[in-house]
There are 2 protein chains.
Amino acid sequence: KGMAQARSAIELRCQCIETHSKFIHPKFIQNVNLTPSGPHCKNVEVIATLKDGREVCLDPTAPWVKLIIKAILDKSDTNNKTAS
Amino acid sequence: KGMAQARSAIELRCQCIETHSKFIHPKFIQNVNLTPSGPHCKNVEVIATLKDGREVCLDPTAPWVKLIIKAILDKSDTNNKTAS
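The shown structure was predicted, so the numbers you read here are calculated from the model rather than taken from an experiment.

## Some words on the packing of aromatic side chains
Residues and elements named next belong to chain A.
Okay, so step 1: Enumeration over the complete set of coordinates arrives at 2 aromatic pairs over all chains.
Okay, so step 2: Seen from their ring centres, Phe23 and Trp64 are 5.4 Å apart, and the 65° between their planes marks the pair as edge-to-face. Note that Phe23 is positioned in the segment before β1 (29–35) and Trp64 in helix α1 (residues 63–83), a separation of 41 residues in sequence.
Okay, so step 3: Among the residues examined, Phe23 registers a relative accessible area of 53% and is labelled exposed.

In structure tokens:
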């Protein structure tokens, strides 16, 4: 549910018809793509590419989605501390 | 500076050699891609695709990068309020 449509380099319309509401553990997430709202689509769109290659639309207003994105960014801080 | 290398669907190595340190205004950003660190790359990678199609690596620990990502997500809340 919440599958993203095929994507050209710069998408000219909304890519998500619906969003996947259930929690997805970060260990299954390969990357997360954030597209701000704009002329092409009035919705902010968050599309996670899973490690099995599937693309899933997430709800940008869902707390767990914001937490996952924050966790990804915060990990860069801890990486820096251990690396330096 | 900080250009991202060409990307296959699921990248098997680090995509960013260096990061673009100067502030980029959100209005120039088409989307932002976050890749958590993992076996393929020990760095968290943030790649912004600009409206002119260029891809630029951003520093995930830079406050302005975190602010831009937060602003994109927060905009979804305001969109929801105005839409509903």
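Back to the write-up after that little detour.
## Brief notes about the state of the cysteines
The term disulfide refers to a covalent linkage connecting the sulfur atoms of a pair of cysteines.
Residues and elements named next belong to chain B.
Okay, so step 1: In the structure shown here, the tally under the stated rule is 4 disulfides over all chains.
Okay, so step 2: Covalent S-S linkage joins Cys14 and Cys41, the inter-sulfur distance amounting to 2.1 Å. Taking the sign of the S-S torsion, about 95° here, the bridge from Cys14 to Cys41 comes out right-handed. Here Cys14 is found in the segment before β1 (29–35), whereas its partner Cys41 is found in the loop between β1 and β2 (45–50), with 27 residues between them in sequence.
Okay, so step 3: Residue Cys16 pairs covalently with Cys57 via a disulfide, S to S 2.0 Å. Across the disulfide from Cys16 to Cys57, rotation about the S-S bond amounts to roughly -85°, and the bridge is consequently left-handed. Of the two residues, Cys16 sits in the segment before β1 while Cys57 sits in strand β3 (residues 55–58), which places them 41 residues apart along the sequence. We note that Cys16, like Cys57, is buried.
Okay, so step 4: Across chain A, the way the bonded cysteines pair up, counted in sequence order, is 1-3, 2-4.

## So, the interface of chain B and chain A
Okay, so step 1: Taken together, the contacts link 31 residues of chain B with 31 residues of chain A.
Okay, so step 2: Between chain B and chain A we count 2 salt bridges in total.
Okay, so step 3: Where Lys66 of chain B meets Asp74 of chain A, a salt bridge forms, and the shortest distance between an N and an O atom there is 3.6 Å.
Okay, so step 4: For the side of chain B that touches chain A, the secondary-structure elements that each account for two or more residues are β1, β2 and α1 (63–83) of chain B.
Okay, so step 5: Residue composition of the side of chain B that touches chain A, grouped by class: 12 nonpolar, 12 polar and 7 charged.
Okay, so step 6: Where β1 of chain A and β1 of chain B come together, 3 bridges link them in antiparallel fashion.

## Comments concerning the environment of Lys22 of chain B
Residue and element names in this part refer to chain B.
Okay, so step 1: Mapping Lys22 onto the fold places it in the segment before β1.
Okay, so step 2: Given the relative accessible area of 62%, Lys22 is considered exposed.
Okay, so step 3: In this structure the C-alpha to C-alpha distance between Lys22 and Leu58, which are 36 residues apart in sequence, comes to 9.0 Å.

## Here we look at the environment of Thr49 of chain B
All names here are of chain B.
Okay, so step 1: Among the secondary structure elements, Thr49 is positioned in strand β2.
Okay, so step 2: Each C-alpha atom of the pair Thr49 and Gln30 lies 5.5 Å from the other, and the pair is 19 residues apart in sequence.
Okay, so step 3: Other than its neighbours up to four places away in sequence, Thr49 contacts Phe28, Ile29, Gln30, Asn31, Arg54 and Glu55.

## Overview of the environment of Val44 of chain A
All names here are of chain A.
Okay, so step 1: Mapped onto the secondary structure, Val44 falls in the loop between β1 and β2 (45–50).
Okay, so step 2: Overall, the relative accessible area of 6% leaves Val44 in the buried class.
Okay, so step 3: Separated by 16 residues in sequence, Val44 and Phe28 place their C-alpha atoms 22 Å apart.

Here is what the cut-offs are and how they apply
Residues numbered from 1 in each chain as written. Chains lettered and ligands numbered in written order. Predicted model: local features only at pLDDT ≥ 70, side-chain atom pairs only at ≥ 80, totals over all residues. Heavy atoms only, no water. Phe/Tyr/Trp six-rings, centres within 6.5 Å; stacked < 30°, edge-to-face > 60°. Helix = DSSP H or I, 4+ residues; strand = E, 2+ residues; numbered from the N terminus. Buried < 20%, exposed > 50% of the residue type's maximum accessible area, 1.4 Å probe, protein only. Disulfide = S-S within 2.5 Å. Contact = heavy atoms within 4.5 Å. Salt bridge = Lys/Arg side-chain N within 4 Å of Asp/Glu carboxyl O. Nonpolar A, V, L, I, M, F, W, Y, C, P; charged D, E, K, R; others polar. Pairing = 2+ DSSP bridges.

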